[in-house]
Amino acid sequence: MMRPALDPSAPAGGKDGTAGGKDEPADAVPGRGPRPAEVPELAPGEVFAALDTSPRGLSAARARDLLERYGPNELPRARRRPVWRQLAAQFTDLFAVVLIVASGITFLAYGLQEPRDVGTLQLAVAILGVVLLNAGIGFAQEYSAERTAQALEAMVPHTCRVLRDGERLEVSTRDLVPGDVVVLEAGDAVPADCRVVEAHELSVNNAPLTGESNAVGRTADPVAAGAPLDARNCVFMGTDAVAGSGRAVVHATGAETEFGRIYRLAEAAPRQKTPLQIQVASMARRVAGAALAIGAVVFAVRLPTGQSVVTSFVFALGVMVAMVPEGLPATLSVSLAIGVRRMARRHALIKQLLAVEALGSTTVVCTDKTGTLTQAEMTVTQVWAGGPPHPVDGVGYAPSGEVADATPVRELLRVAGLCCNARLLPPGSPGGPERSRGPEGRERWRVLGDTTEGALLVVVAKAGMDLGAEEEAAPRVTEFPFDSDRKLMTTVHRTGAGYQACVKGAPGELVGRCTGVEWEGRRGPLTGEDRAAVAAAGDALAAQGLRVLAVARRELDSARPAQGEAESGLTLLGLVGMLDPPRPEVTDAVAACRRAGIRIVMVTGDHPLTGEAVARRVGIVRRPDPVVVTGARLDAMNDEALDALLAEPSELLLCRVSPEHKMRVVTAFQRRGEVVAVTGDGANDAPALKHADIGVAMGASGTDVAREAAAMVLLDDSFASIATAVRLGRAVYQNIRKFLVYLFSHNIGELVPILAATFAGFPLVPISAVQILAIDLGSDVLPALALGAEPPEPDVMDRPPRSRRERLFSAAVVGRILFLGGIQAVCVSAVFFWHIGSSGIPFDEFTKDTPVYREAITMVQAGIVLSQFFNALAVRTDRQSILKAGILSNPALLAAGGFGVALMVAISYAPPLQAVFHTAPLDAVDWAVLAGLGTLPLLADEARKAWLRRADPKGVPR
Ligand code: ATP
């Protein structure tokens, strides 16, 4: 990315980019005093002073004042494409160009005609009307899609953690002001430009600003001034923290950030088309090409029959208009938009339209455990320190309950509690995550930060200990943050006697680093027997579905030991087991996915026994022999072995795995041709989320980085929402196929009579272009939209996933178009020639004003409209009888069809419309005959479906 030259004298922080109020001294205001260029040179203590804040952060009142002064921390909205350009773009697609040219030629033809036929003029105007109407619909669509995208974006929370009045709070990033002290952890988006004042292995990805995508380490130490982006002790808005943790003081917000300065989105990025839209567009192009070709043939056939060039041209034009599916592009985008809106209502936000289609063909879901299958509400239920387990009572984060016989485990709990960054929030306290209410609607205790740590804080309180006092006695000096590859976290504290490392983590990772034990009264070296006892106790806890953490400690001489030193030679204190109950709605969702032929693979960092116990509870595992593969085993496998493992149709659990393993498994599934949805919440899940066919991020608990990388965000984090999204995704695809069949089949009904007349030597068209336009844009658009909005069929999840290779216009779809359209075409052609023939008038005596001709073309139009009414009912189901689906079950469709028929009645009887369409009033017998013929496509399709059901009772609709 090109970076414009920065103006070193420009002030930071001011909302309007000026140096602030003229009457204020430059250094009195946070973010205004030292310019960014000077901030890096200050020591952390001086930074607080210079920015008029403190390690406790700003006070709430001051933050409010500053917010008023500087305005919200947001970038100016991207300049939208001017309305005239958006509108003009609607006239440049192939459809529009073909129709504009056609209209122009028709105007010309009218000018050349001798005598002039007002019908030709009407046609020219009507085609132009179609172009304008389509452009209007396209424009409205684009506008509403943009609005929807903005609304959806607003639904994803953008919050950050800050210190205010010494308390850790979660606030909206909009409310951040210069002087705020921000707490950063791996996976957080950096919310503003900040100077780092505390860093624990903190590194950031500055790619959005510098284009270099390597993680770069950050320090709190002063560095020499230079280019702002080179300062290793600053972090910048628009970048992400990718590892470690730290604290930083905001020195510039909103437009004054480096990101704000280079923010030059003059035009919104072009919206990507999905494969589906591309398929439809290419089909439409082919149809338009075919229309031109057939139009040319008709013109060539008619010309030698002695008709004028203009009449022949108008005739050929009718063919073209009959073939072009005018309402299609608009119907398609409306239908996709409806799908996206429905999913959003069911907690699944689609960020990329592509996901709507991919969801329908998903064959594998790789899902996390915590939060997705479970409630992410951890409660420590057992503590083990070498003797019998100590049960803990009480549920949730309320610190009410007791640890049975707490004295022998107090040291273990003290160390575990000191090694936590989370905070408990009592009911009613401000800040913190949503979902603060229990099922009964009462406010509850909540956790700010990691829920595993929240559970530890609760058990410390239940043991009657005062963690605040312990922290005062042993203040933290450094930290090696948790990461899901290492599965450990360490904090170093200053004690009276020196320094102490407090370590907690997965037993498999931690016990190997221990050399001694201190539990239930015994202190000494860690023996082989002890190891066996720890393993047995850990397995016993895990087999109950509990997440297990080991806790250890060691004494140190220095405040800043190397990580390897702090995390080795440890003294093991014991284990804690915490329960995270499954979400009640997940069991049904898992069963639905099974029926739908979707394989669910649980991917967890937890112990295999914990994973298996939870998987069994929600129904992912039902057989006695699931295949449980650990990260270590995956590492030992080459790609062939992994492919062979995935090829087995077994129930598969991946436990003790890291995000890299997840990525590898996703890639391996894709190699097998599977369509993979994968969930993720952490920063290092981003590659797997991007690589998967559908990356699914957590809206409530996930990191900003994961949400950025995903195609879909679950607002409630629940697996059940994935299953719902799959169901709705399948419905969208089915609905699109329904209206494609509906729209294309009547094109055949319009085209065939015209071709038949051409080759039979009848001098006039059986249906005029203006009539065709009245059908395509008058009576057919609303039913097509109603088909696009059909709710999912009840059995949509009882079918296997659609094959990824399946084309939208599959042989079955084309076959059905020909079948339904063919019946319609035969009926209306028969009606036309029967009416013309029974009059006894020779073909060449017919003129446009012959009453019989006017009646006949009215009958053709009415015949198509009536048969489309029944056709709409036929295409609603693939195999099921419409009687079973319920004729009345889509009232919108019936109303839309009714409107089409009413419009046709008006065209037949209302004199002004008769004049435009050249139609005549039909009598009751005509209507009855047409209605009877109109039911034929429906009846024939019912017979076809009945035959299909008998021939292949379990068959898959295609
Ligand atoms: P899930 O699939 O359940 O969402 P995960 O893949 O997110 O799990 P991690 O959070 O990486 O799992 O945790 C893996 C292991 O690391 C846990 O079983 C636990 O033993 C340990 N662990 C989890 N959180 C912490 C923490 N904050 N501090 C230390 N150890 C932790």
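Residues numbered from 1 in each chain as written. Predicted model: local features only at pLDDT ≥ 70, side-chain atom pairs only at ≥ 80, totals over all residues. Heavy atoms only, no water.

Draft legend 1. Inspection of the site of the ligand at higher detail. Taken together, 20 residues lie around the ligand, and Thr370, Asp450, Val548, Gly605 and Asp606 are the ones closest in. Between the ligand and the protein, one listed contact pairs an oxygen atom with a side-chain N or O atom of Asp606 at 2.2 Å. At 3.2 Å, a side-chain N or O of Arg656 approaches an oxygen atom of the ligand. Within the complex, 92% of the 630 Å² of free accessible area of the ligand lies under protein. By residue number, the principal contributor to the shell around the ligand is strand E19 (residues 547-556), which donates 3 residues. Looking at the shell around the ligand residue by residue, the class counts come to 6 nonpolar, 6 polar and 8 charged. In this structure, the shell around the ligand is formed jointly by two domains, domain 2 (348-374 + 584-723) and domain 3 (382-433 + 442-578), each of which donates at least three residues. (Near = heavy atom within 4 Å. Polar contact = N/O pair within 3.5 Å; in protein donor to acceptor, adjacent residues only side chain to side chain. Areas by Shrake-Rupley, 256 points an atom, 1.4 Å probe, with all protein chains shown as cover. Helix = DSSP H or I, 4+ residues; strand = E, 2+ residues; numbered from the N terminus. Nonpolar A, V, L, I, M, F, W, Y, C, P; charged D, E, K, R; others polar. Domains from an automatic or database assignment.)

Draft legend 2. Region of the structure containing the packing of helix H25 (residues 719-760) against helix H28 (residues 811-838). Close contact between H25 and H28 brings their axes to 7 Å; oriented N to C, the two are set at 40°. Here H25 is positioned oblique relative to H28, judged by the angle of their axes. Classified by chirality, the crossing of H28 by H25 is right-handed. Split by residue class, the contact of H25 with H28 holds 16 nonpolar, 7 polar and 2 charged. (Axes fitted to C-alpha atoms, helices over the stretch in contact; angles between N-to-C directions. Parallel < 35°, antiparallel > 145°, perpendicular 65-115°, else oblique. Left-handed = near helix turned anticlockwise from the far one by under 90°.)

Draft legend 3. Quick peek at the confidence of the model for the protein. Considering every residue of the protein, the mean pLDDT works out to 84; 89% of them sit at 70 or more. Across residues 1-33 the pLDDT falls below 50, and counting only partners more than four positions away or on other chains, this stretch makes 66 contacts in the model. Residue range residues 264-272 is modelled with pLDDT below 50. Its contacts to residues more than four positions away, or to other chains, number 11 contacts. (pLDDT = per-residue confidence, 0-100. Contact = heavy atoms within 4.5 Å.)

Draft legend 4. Quick look at the packing of helix H16 (residues 528-543) against helix H19 (residues 608-618). Two numbers describe how H16 lies on H19: the axes approach to 7 Å, and their chain directions differ by 15°. The orientation of H16 with respect to H19, classified from their angle, is roughly parallel. Where H16 crosses over H19, the two elements pack in a sense that is right-handed. On H19, the residues that touch Asp539, Ala542 and Ala543 of H16 are Leu609, Thr610 and Ala613. Class assignment for the residues of the contact of H16 with H19 results in 4 nonpolar, 1 polar and 1 charged.

Draft legend 5. Expanded view of the environment of Gly394. Relative to the elements of secondary structure, Gly394 occurs in the loop between strand E11 (390-391) and helix H12 (410-418). Given a relative accessible area of 33%, Gly394 falls into the partly exposed group. Considered as a pair, Gly394 and Val459 are 65 residues apart in the sequence and their alpha carbons are 9.6 Å apart. For Gly394, the residues in contact, after removing those within four places along its chain, are Thr379, Ser400 and Lys462. (Buried < 20%, exposed > 50% of the residue type's maximum accessible area, 1.4 Å probe, protein only.)

Draft legend 6. Spatial organisation of the nonpolar core. Counting residues in hydrophobic clusters, the biggest one holds 75 residues, and the most contacted among them are Met712, Phe719 and Ile736. By residue number, the principal contributor to this core is H25, which donates 17 residues. The residues contacting Ile736, other than those within four sequence positions of it, are Leu276, Leu332, Ser335, Leu336 and Leu808. With 58 residues, the next largest nonpolar core counts Ala96, Ile127, Ala856 and Phe917 among its residues. (Core = buried A, V, L, I, M, F, W, Y, C linked by side-chain atoms within 4.5 Å.)

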